[in-house]
Amino acid sequence: MALKRALIIDDEPDIRELLEITLGRMKLETVTAADQAQALAALGEQTFDLCLTDMQLPDGNGLEIVEHINQHYPNLPVAMITAFGSMDTAIASLKAGAFDYLQKPIDLEQLRSLIESALKMSDMQSDADSAADENLLGQSAAMDRLRQQINKLARSQAPIYISGESGSGKEVAARMIHSQGPRSTGPFVPVNCGAIPSELMESEFFGHVKGSFTGAVSDKEGLFQAAGAGTLFLDEVADLPLAMQVKLLRAIQEKAVRPVGSQSEDLTDVRILCATHKDLSQEVDSGRFRQDLYYRLNVIELRIPALREHLDDIPELANACLQRLAQEYGSTAPVVTEDALATLQQYAFPGNVRELENILERAFTLCENNQITPPDLQLADTQNVTPPPAADNKTDVQLTEAPAEPSEHHPDAGDESISLPPGVSLEDYLEGIERALITQALDATRWNKTAAAKELGITFRALRYKLKKLDLE
């Protein structure tokens with residue numbers, strides 16, 4: 001089998017020699033160029049599997065090389081070699097299409113890791129399109145564009161900011177970027193930044209050593225270490241406190257983290273993807289998010305379209321959801337009537353795909369004769385009905401104003417009042433009543449579920465759903 005070939009572009013002989021020796025030990029054939037003219041000539045005469053280029057060249061700069069390669073050899077991964085501390089240059093190279101970057105003085109461990117990741121790319125190109133089709137439903141123009149963007153972004157190591165409304169599928173997109181990229185064999189580590197207590201955040205992200213604080217009975221690796229050679233997905237990144245934002249910025253810039261209580265740093269090899277339903281630029285303007293971290297994370301922005309921007313995909317999404325529910329509950333999937341589909345396609349979906357799934361799961365339990373009709377959707381009283389968006393899929397949809405709050409005392413309500421027990425939420429209170437009534441009906445019918453469902457006035461399928469939801473099975 002022919003050796004993989006790499007093009008090394010640098011005007012410093014010592015750097016070229018170091019790179020040649022390192023790549024040679026990795027069984028790569030190397031071709032070197034001392035300036036841009038030699039590099040362009042080599043690219044025109046030979047094929048390469050990897051390119052390493054310095055930023056400063058006697059007759060040009062590395063950004064021009066990156067742009068030339070992206071235009072003429074889009075499947076060739078190119079990494080930028082930058083001066084120490086030149087993060088602006090590194091970010092510019094990633095925006096121009098570089099696969100990744102290295103800082104001088106070159107760390108050989110990071111270099112070898114970068115090369116291994118880059119060489120996986122050529123072996124994965126043929127599977128990228130099929131992988132995209134398997135993970136992302138919808139044949140609309142908006143979803144086609146999204147698939148193409150994900151396919152392209154998966155080939156890079158640049159940090160990506162995934163923007164979109166709640167429930168639109170930001171984590172799905174992040175997982176696809178990971179699975180289609182060279183890090184697919186490494187772990188995908190998702191973390192909800194808003195769910196970690198602030199006092200534990202540094203330990204969770206960077207790890208700690210034994211005895212570093214009360215309760216640290218052993219060494220523990222952090223999320224950066226756990227995601228080694230893989231992808232770290234920071235969901236709801238806007239919820240990070242400012243103090244943690246400073247530490248995260250340094251970890252990204254230095255590609256190293258210091259565990260709590262440790263005197264040394266651990267090199268990291270992770271790709272950072274982040275997401276939030278908030279407008280991150282507005283968070284920066286308000287002072288709640290650091291501008292320098294924003295620029296490090298938002299090298300490339302991937303926008304996930306809201307469901308109301310691709311309503312034509314609802315039949316396919318609904319079918320897939322119902323098939324999954326049917327398999328989960330061991331029954332046949334119900335049919336959604338044309339009227340029900342039309343009702344769904346007139347709804348604005350403030351909760352997007354996640355809301356659609358919740359609506360369908362509820363309808364799945366309520367429908368009769370294995371057929372979902374408009375009443376089963378329980379959308380009749382919603383204020384979020386809207387006509388389909390314009391053809392360009394970019395129209396802002398204005399939701400109608402919510403109805404006024406009901407008065408505290410209704411003439412038909414009577415004078416009796418009901419109060420919740422202290423410390424109990426309405427949801428928990430109602431769930432307790434539901435659990436008690438279902439258990440009572442099951443006990444009365446000797447746990448005959450069909451008879452219990454009839455006594456409760458609900459369908460057998462609805463009872464099965466509630467049993468699972470309330471963990472009574």
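In what follows, the structure referred to is the one given above.
Residues numbered from 1 in each chain as written. Predicted model: local features only at pLDDT ≥ 70, side-chain atom pairs only at ≥ 80, totals over all residues. Heavy atoms only, no water.

(A) The arrangement of the layout of surface pockets in detail. If you add up the space inside the largest pocket, you get close to 590 Å³. Contributing to the lining of the largest pocket are 25 residues, with Ser168, Gly169, Val172, Val353 and Glu357 lying nearest its centre. Mapped by element, the contributors of at least two residues to the lining of the largest pocket are α7 (141-153), α8 (170-179), α14 (314-329) and α16 (352-366). Of the residues that constitute the lining of the largest pocket, the class distribution is 12 nonpolar, 6 polar and 7 charged. (1 Å grid on protein atoms, 1.4 Å probe; cavity = no way out; pocket = protein on both sides within 12 Å on 5 of 7 lines; lining within 4 Å. Points joined across faces, edges and corners; volume = space filled by probe spheres on them. Helix = DSSP H or I, 4+ residues; strand = E, 2+ residues; numbered from the N terminus. Nonpolar A, V, L, I, M, F, W, Y, C, P; charged D, E, K, R; others polar.)

(B) Looking closely at helix α18 (residues 426-444). Here α18 spans 27 Å end to end across 19 residues, near enough to the 27 Å set by a 1.5 Å rise per residue. Looking at the packing, one finds that the buried side of α18 touches α19 (449-456) and α20 (460-469). In the segment just after α18, arginine 446 is the residue with positive phi, at about 55°. (Expected span 1.5 Å × (residues − 1). Contact = heavy atoms within 4.5 Å.)

(C) Structural detail: the pattern of salt bridges. Scanning the model with the defined rule gives 18 salt bridges in all. Here lysine 104 ties to aspartate 10 by a salt bridge, and the two come within 3.9 Å at their closest N and O atoms. Of this pair, lysine 104 sits in the loop between β7 (100-103) and α5 (108-124) while aspartate 10 sits in the loop between β1 (4-9) and α1 (13-25), and the two are 94 residues apart along the sequence. Accessibility assignment for this pair places lysine 104 and aspartate 10 in one class, buried. Notably, a salt bridge pairs arginine 290 with aspartate 292, separated by 2.8 Å at the nearest N-O pair. Taking relative accessible area as the criterion, arginine 290 reaches 30% and is therefore assigned partly exposed. (Salt bridge = Lys/Arg side-chain N within 4 Å of Asp/Glu carboxyl O. Buried < 20%, exposed > 50% of the residue type's maximum accessible area, 1.4 Å probe, protein only.)

(D) Spatial organisation of the sheet that holds strand β8 (residues 160-163). A sheet is described by the order of its strands in space; here 5 strands give the open sequence β9-β10-β13-β8-β14, paired in parallel fashion. The open sheet has two free edges, formed respectively by β9 (188-192) and β14 (300-303), since each of these has just one partner strand. The sheet shows a mean angle of 20° between the axes of neighbouring strands, direction not considered. As judged from the 5 bridges shared by strand β10 (residues 231-235) and strand β13 (residues 271-276), these two strands associate in the parallel manner. The residue of β13 that forms the bridge with leucine 234 is cysteine 274. Taken strand by strand, α7 contacts β8, β13 and β14, and its axis lies near 150° from that of β14. Against the sheet, α8 engages β8, β9, β10, β13 and β14, with an angle of about 155° to β9. (Pairing = 2+ DSSP bridges. Axes fitted to C-alpha atoms, helices over the stretch in contact; angles between N-to-C directions.)

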